[in-house]
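The lines below spell out each chain.
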Amino acid sequence: MFRNDLLKGKVAVITGGGTGIGFNIGMRYGELGAAVAICGRRENVLSEAVSKFRDAGIDADYHACDVRDPAKVAETIDHFMDHFGHIDILVNNAAGNFISPTEKLSPHAFDAVLGIVLHGTIYMTLDLGKRWISTGHRGVVLDIVTTYAWTGSGYVVPSAAAKAGVLAVVRSLAVEWAKYGIRHVAIAPGPFPTEATRKNLFPIPEIESRIIERVPLRRVGRMDEIADLAAFLVSDNAEYLNGSIITIDGGEWLKGAGQFNHLENLTEEQWKMINEISRRKD
Ligand code: HXC
Ligand code: NAP
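So, here is what we can say about the structure in this document.

Some thoughts on the sheet that holds strand β2 (residues 35-40)
Ordered by their spatial adjacency, 7 strands build an open sheet running β3-β2-β1-β4-β5-β6-β7, and the pairing between neighbours is parallel. Looking at the sheet topology across the chains shown, the edges are occupied by β3 (60-64) and β7 (245-248). The sheet shows a mean angle of 20° between the axes of neighbouring strands, taken without regard to direction. As judged from the 6 bridges shared by strand β5 (residues 139-144) and strand β6 (residues 182-189), these two strands associate in the parallel manner.

Here's the deal with the site of ligand 1
Taken together, 17 residues form the shell around ligand 1, and within it R41, R68, S106, H108 and N200 come nearest. Between an oxygen atom of ligand 1 and a side-chain N or O atom of S106, the distance comes to 2.5 Å. Residue H108 places a side-chain N or O atom 2.6 Å away from an oxygen atom belonging to ligand 1. The fraction of the free accessible surface of ligand 1 (1100 Å²) that becomes covered by protein chains is 60%. Of all the elements in the fold, those that place two or more residues in the shell around ligand 1 are α4 (107-135) and α7 (195-200).

Quick notes on the pattern of salt bridges
Should the charged atoms of two oppositely charged side chains come close, the side chains can pair. Enumeration over the complete set of coordinates arrives at 17 salt bridges. Linking R138 and E239 is a salt bridge whose minimum nitrogen-to-oxygen distance equals 3.9 Å. Placement of the pair is R138 in the loop between α4 and β5 and E239 in the loop between α9 (223-234) and β7, with a sequence separation of 101 residues. For E239, a relative accessible area of 46% translates into the label partly exposed. Residues joined by salt bridges that share partners form a network here, namely R219, R222, D224 and E225.

What about the site of ligand 2?
Close to ligand 2 lie 26 residues, the nearest being T19, R41, R42, N93 and F192. D66 places a side-chain nitrogen or oxygen 2.8 Å from a nitrogen atom of ligand 2. Between F192 and ligand 2, the recorded distance is 2.8 Å, taken from a backbone N or O atom to a nitrogen atom. Protein chains shield 91% of the accessible area of ligand 2, which is 870 Å² for the free molecule. Broken down by secondary-structure element, the contributors of at least two residues to the shell around ligand 2 are α1 (20-31) and α7.

Some details on the nonpolar core
Core analysis: the largest hydrophobic core is formed by 36 residues, its most contacted members being Y29, V36, I38, F53, L142 and I187. When contributions to this core are tallied by element, the ones reaching two or more residues are β1 (11-15), α1, β2, α2 (43-55), β4 (89-92), β5, β6 and α9. Of all the elements, α9 adds the most residues to this core, at 7 residues. Once you skip the residues sitting within four places of it in the chain, Y29 turns out to touch L7, A12, I14, A34, V36, I89, V91, L142, A230, A231 and V234. Formed by 23 residues, the second largest nonpolar core is a distinct cluster that contains V11, V13, A37 and I77.

A short note on the packing of aromatic side chains
Per the stated rule, a full pass over the model turns up 3 aromatic pairs. Between W150 and W253, the ring centres sit 5.4 Å apart and the planes meet at 75°, which makes this aromatic pair edge-to-face. Linking W150 in helix α5 (residues 148-151) with W253 in helix α10 (residues 252-257), this pair joins segments that are 103 residues apart in sequence. By relative accessible area, W150 is classed as partly exposed at 28%.

Topic: the packing of α1 against α9
The interhelical angle for the contact between α1 and α9, taken along N-to-C directions, is 60°, at an axis separation of 9 Å. With respect to α9, the axis of α1 lies oblique. Helix-helix and strand crossings are classified by hand; for α1 and α9 the assignment is right-handed. The segment α1 lies against α9, with G20, I21, N24, I25, R28 and Y29 engaging M223, I226, A227, D228, A230, A231 and V234. Considering only residue class, the contact of α1 with α9 consists of 9 nonpolar, 2 polar and 2 charged.

Rules used in this analysis
- Residues numbered from 1 in each chain as written.
- Chains lettered and ligands numbered in written order.
- Predicted model: local features only at pLDDT ≥ 70, side-chain atom pairs only at ≥ 80, totals over all residues.
- Heavy atoms only, no water.
- Pairing = 2+ DSSP bridges.
- Helix = DSSP H or I, 4+ residues; strand = E, 2+ residues; numbered from the N terminus.
- Axes fitted to C-alpha atoms, helices over the stretch in contact; angles between N-to-C directions.
- Near = heavy atom within 4 Å.
- Polar contact = N/O pair within 3.5 Å; in protein donor to acceptor, adjacent residues only side chain to side chain.
- Areas by Shrake-Rupley, 256 points an atom, 1.4 Å probe, with all protein chains shown as cover.
- Salt bridge = Lys/Arg side-chain N within 4 Å of Asp/Glu carboxyl O.
- Buried < 20%, exposed > 50% of the residue type's maximum accessible area, 1.4 Å probe, protein only.
- Core = buried A, V, L, I, M, F, W, Y, C linked by side-chain atoms within 4.5 Å.
- Contact = heavy atoms within 4.5 Å.
- Phe/Tyr/Trp six-rings, centres within 6.5 Å; stacked < 30°, edge-to-face > 60°.
- Parallel < 35°, antiparallel > 145°, perpendicular 65-115°, else oblique.
- Left-handed = near helix turned anticlockwise from the far one by under 90°.
- Nonpolar A, V, L, I, M, F, W, Y, C, P; charged D, E, K, R; others polar.

As structure tokens, then:
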């Protein structure tokens, strides 16, 4: 759906770009002409992903980094600046998450998730943003959140709190840093099953099938759908989009919000009866 040179000449840093959604975004950016720089904690995962990018003819590099460590974040951005000469796009995609009754969580469990999702996003954005501002370089930050960032959700409270914080950062910096030519946008995905979601969030098949039932379009998302959206949002064609959070969830969260959406379970017979009652003139 795009010109092959949509992102030509751009360098994109993608946190957690070795797996899942981040990897698929990297592949799409590369196909559209960008150079791709990925980071994450596991060196073997990153090096395998970079081999796949290079096999597809994409200019790619990696640096192992735990985004919870600001010194490592600075080292990683130094590394990519040395390697590519500039960075134009930052995708804050790295995350940690698991389902659990909240009362069973320790403070350290909260720290682990908030550290990756909220602090990690802030450290990456702050480090790169300072460099962009001091050199007058324009840039775009794309943060991957979730739909429960604004509704909240039981059983994933550390993640919900962290993603809500990221949303506040997006909306705040979209305004504050616009004067420097830095845009902030976000994607709120619904269910896009990956190895990690299957392990950490849908570890039993019943959870995944329940999630599909919640989606009005009755299916989960496809990687090409989120990767194409991520490409558009960081492209020069989206230059007037700033502070926007685009939901891509088949209508899932709105279904939960609308008070009468459960009526889809009524039978024809029940509708007939309801119609008769509501039209009765008494
Ligand atoms: C309860 C848990 C836990 C679990 C870990 N902890 N797993 N508590 N249930 N399943 C607790 C530990 O006991 C420990 O606390 C603390 O969390 C830190 O654990 P570590 O293993 O030391 O942490 P760390 O190595 O830093 O790993 C981070 C992690 C892990 C978040 C815990 O799951 C991870 O690395 N995940 C990355 C991949 C991932 O989660 N991807 C999913 C993204 S999908 P104590 O007190 O015992 O020391 C997503 C989708 C949302 O976000 C929407 C879907 C529809
Ligand atoms: P994933 O494959 O587990 O991706 C997470 C990535 O983050 C991994 O590559 C992981 O690599 C990296 N990471 C984790 N902790 C890190 C740390 N401390 N420092 C650096 N990197 C770290 O999961 P995914 O499903 O693709 O999720 C990607 C994004 O989409 C996340 O922000 C998630 O919240 C969001 N999302 C996903 C879904 C979905 O259904 N898949 C739905 C809504 C939102 P290492 O473990 O090697 O560090």
